[in-house]
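# Report on the structure
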Amino acid sequence: MPERFTPSRMAIHCVLILFAAFYLVPLLVVVFNSLRSTEDITRAGVIGLPYDLAWSNFSDTWSKYCISQHCNGIQPYFWNSLQMTIPATLISTLLGALNGYSLSLWRFRGDQVVFGIMTLGVFLPEQMRLVPWAIVLRDVGLFNTISGLVMIHIVQGISFTTLFCRNYYVSIPPDLLKAARIDGAGYFRIFWRIVLPLSPPILIVTVIWQFTGIWNEYLYGVTFSSGEHQPITAALIALSARLSDAPQYGEQSAAVLLAAAPTLLIYLVGGRYFLRGLTAGAVK
Amino acid sequence: MTGRELRDRILPHLVIWPPILISCAYVLVFSAWTVWVSFTRSTLMPEYSWAGWRNYTTMLATRNWQIAYSNLFIYGICFVVFTMAMGLLLAVLIDQRIRGENVYRTIFLYPLAVSFVVTGTVWGWLLNPTIGIQKLMHDWGWTSFRFEWLIDRDKAIYTIVIAGVWQASGFAMALLLAGLRSVDADLLKAAQIDGAGPLRTYFRVIFPTIGPIFVAVLVMLLQFAIKTYDLVVALTAGGPGLASTLPTVVVYDFMFQRGELAKGSAAAVMLLGSLAFVLVPYGLYRYWKRRQGGAHA
């Protein structure tokens, strides 16, 4: 049905466009400023159009910039974040799927209690786990390593992924499994043949949310790593702290854009799943 | 025992239990551990000599903690009220079967995919009087324009509200919109037949039926406010001075900058207490709702 443009409709669009501008301004500012020279930004302010395109901001930020005495640009931290996020996302999603499957379809005594405790893990603030993690990481020798952060994000992520997958798997009809079990299929066979083929929607949602959450995480990164081992969020803060006396807005904007790019791209491509995860996680 | 039996009987247990046990232990043991440390004399290194409630009383008496909590109060209330109001307004507007709905939704929700570090950094620029919005207004000729919240002790906390609302209102919009769309069509038809106008329908029929979703969003936002950390670090670093500090910032400060693990842990436990203050009543409410629903069904 084509929309008819009555005055009230126009008013609604006007309000929505104003709000859209409010949401888009920060993104546009970063995109524009990543193409402006720092002198231009310092003189004319952060809100402005890029007149002479300073593409060098990106190459400088990527490989030349100095962050806490290391002058390799933002690049090593970007790779750190990828090396941390990809394994942590995949492993925590796999374990969450297995957990969700065990808890929803292979019920055992006390499974509700177990699930309740794991759900609490979603809400427990990170501050409650900093000291124990510091001790554990020191004792297993993973302090200031990417592997240490991967381990943290896997253990932390299981609560979340289990919650997602379990809530999805409870809707699989138990009769389907009963039939499979009568045919002699065991735990793995049922998972592989029945549950996994039904799972792509929830697995995509879980992967998207885990990737976004882990990539964007800051507190663990800054607490348990330093220098060249930091993920990109921590590096960004270190960068702006170092530059607070003589800010380099152009290069910093390029850095911010590079740090935000992976999750923004995932959001643009998988927005539908993003929203589904949101409603599934929060309302149910 | 044959190999097949081994595979079917033993192996599943080896796969099922470790992740379940690890994540339960993670929740219970790590929490207990932090609580324990909060009752010790630990400073730079954890040690386990008993200190009683001393860390708690000391923390409660520090200026940092008092400022942090009054800030959390201001920030929590403003953040939740404005986020809910904006989310609801946007949800209702989009609910009018607007053309380009997907475009609007994508725009309103993208901040959720961006890290707080990025949000805080960018809002820090926009709100910085010498290069941000104030500078723009001055360049446009409105030289008396003042917007210096970022460097104003009394206003700095509100800059975190602005950035927080920017990041979270799309989230509220999405959930409330899903709620609005879930209202029974028959109910709406009945309201229409009764001659209720759109405004009346919203206030008398739709909002009351999605009450539980309001509560859910409210609780999510409150716990989100209590956990806010990265945003403050990136936007104001708790400053000027201590003016925009929050409990999470104080926890980190004591644990890892002052080397007061026990006091920091006590602060973390109190933070958990505030979270429980929000989540426990909600949990009970959900439980009560479900029992009530069960009784009706």
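About the thresholds
- Residues numbered from 1 in each chain as written.
- Chains lettered and ligands numbered in written order.
- Predicted model: local features only at pLDDT ≥ 70, side-chain atom pairs only at ≥ 80, totals over all residues.
- Helix = DSSP H or I, 4+ residues; strand = E, 2+ residues; numbered from the N terminus.
- Rg over C-alpha atoms; globule rule 2.2 N^0.38 Å.
- Buried ≥ 20, exposed ≤ 12 C-beta atoms within 10 Å, placed from the backbone.
- Contact = placed C-beta atoms within 7 Å.
- Core = buried A, V, L, I, M, F, W, Y, C linked by C-beta atoms within 7 Å.
- Nonpolar A, V, L, I, M, F, W, Y, C, P; charged D, E, K, R; others polar.
- Axes fitted to C-alpha atoms, helices over the stretch in contact; angles between N-to-C directions.
- Parallel < 35°, antiparallel > 145°, perpendicular 65-115°, else oblique.
- Left-handed = near helix turned anticlockwise from the far one by under 90°.

## A few points about the overall build of chain B
On a plain count of helices and strands, chain B comes out with 13 helices and zero strands. The secondary structure elements of chain B, listed N-terminal to C-terminal, are α-α-α-α-α-α-α-α-α-α-α-α-α. For a compact globule of 297 residues, the expected C-alpha radius of gyration is about 19 Å, and chain B comes in at 25 Å, more than 25% above that figure. In terms of overall dimensions, chain B has a C-alpha envelope of 75 × 70 × 40 Å along the principal axes. Among the 297 residues that make up chain B, the fraction classed as buried is 42%. Across chain B, the fraction of contacts at a sequence separation of at least 24, relative to all contacts at a separation of at least 6, is 69%.

## Concerning the overall build of chain A
Secondary structure assignment for chain A yields 13 helices and zero strands. The N-to-C order of helical and strand elements in chain A reads α-α-α-α-α-α-α-α-α-α-α-α-α. For chain A, the spread of C-alpha atoms along the three principal axes comes to 75 × 65 × 30 Å. A burial count over chain A gives 46% of its 284 residues as buried. Sequence separation of at least 24 residues holds for 75% of the intrachain contacts in chain A that already meet a minimum separation of 6.

## Let's talk about the nonpolar core
Counting residues in hydrophobic clusters, the biggest one holds 155 residues, and the most contacted among them are L236 and V256 of chain A together with A172, L221 and A267 of chain B. Counting residues per element, this core draws most heavily on helix α7 (residues 156–181) of chain B, at 15 residues. Discounting residues that sit within four places of it in the chain, V256 of chain A has contacts with V30 and L236 of chain A together with V118, T121 and V122 of chain B.

## Thoughts on the interface of chain B and chain A
Facing 69 residues of chain B, the contacting portion of chain A comprises 64 residues. Broken down by element, the side of chain B that touches chain A gets its largest block of residues, 17 residues, from helix α1 (residues 3–38) of chain B. Its residues assigned to classes, the side of chain B that touches chain A shows 52 nonpolar, eleven polar and six charged.

## Considerations on unusual backbone geometry
In this structure, N144 of chain A is a non-glycine residue whose phi angle is positive, near 60°. Relative to the helices and strands, N144 of chain A is located in the loop between α6 (130–140) and α7 (146–169). Judged by the 15 C-beta atoms lying within 10 Å of it, N144 of chain A falls in the partly exposed class. One non-glycine residue, A237 of chain B, lies in the positive phi region at around 55°. Along the chain, A237 of chain B falls in the loop between α11 (230–235) and α12 (247–257).

## Some words on the environment of S102 of chain A
In this structure, S102 of chain A sits in helix α4 (residues 75–105). Assessed through the 25 C-beta atoms surrounding it within 10 Å, S102 of chain A is described here as buried. Once the C-alpha coordinates of S102 of chain A and Y187 of chain A are considered, the two residues, 85 residues apart in sequence, prove to be 8.8 Å apart. The residues contacting S102 of chain A, other than those within four sequence positions of it, are I16 and I20 of chain B.

## As for the packing of helix α3 (residues 63–94) of chain B against α12 of chain B
Angle between the axes and distance between the axes: these two values describe a pair of packed helices. All names here are of chain B. With their axes 8 Å apart at the nearest point, α3 and α12 run at an angle of 155° to one another. The angle between the axes of α3 and α12 places the two elements in the roughly antiparallel class. Where α3 approaches α12, its residues N64, W65, A68, Y69 and L72 are matched on the opposing element by P247, V249 and V250. The residue inventory of the contact of α3 with α12, partitioned by class, reads seven nonpolar, one polar and no charged.

## What about the environment of Q66 of chain B?
Position of Q66 of chain B among the secondary structure elements: in helix α3. Along the primary structure Q66 of chain B and L246 of chain B are separated by 180 residues, whereas in three dimensions their C-alpha atoms are 9.5 Å apart.

## Quick look at the packing of helix α5 (residues 116–127) of chain B against α7 of chain B
Residue and element names in this part refer to chain B. The geometry of α5 relative to α7 is characterised by a closest axis approach of 10 Å and an angle of 125° between their N-to-C directions. The angle between α5 and α7 falls in the class oblique. Seen from above, α5 lies across α7 with right-handed handedness. Here α5 contributes T119, G120, W123 and L127 to the contact with α7, which in turn contributes T159, I162, A163, W166 and Q167.

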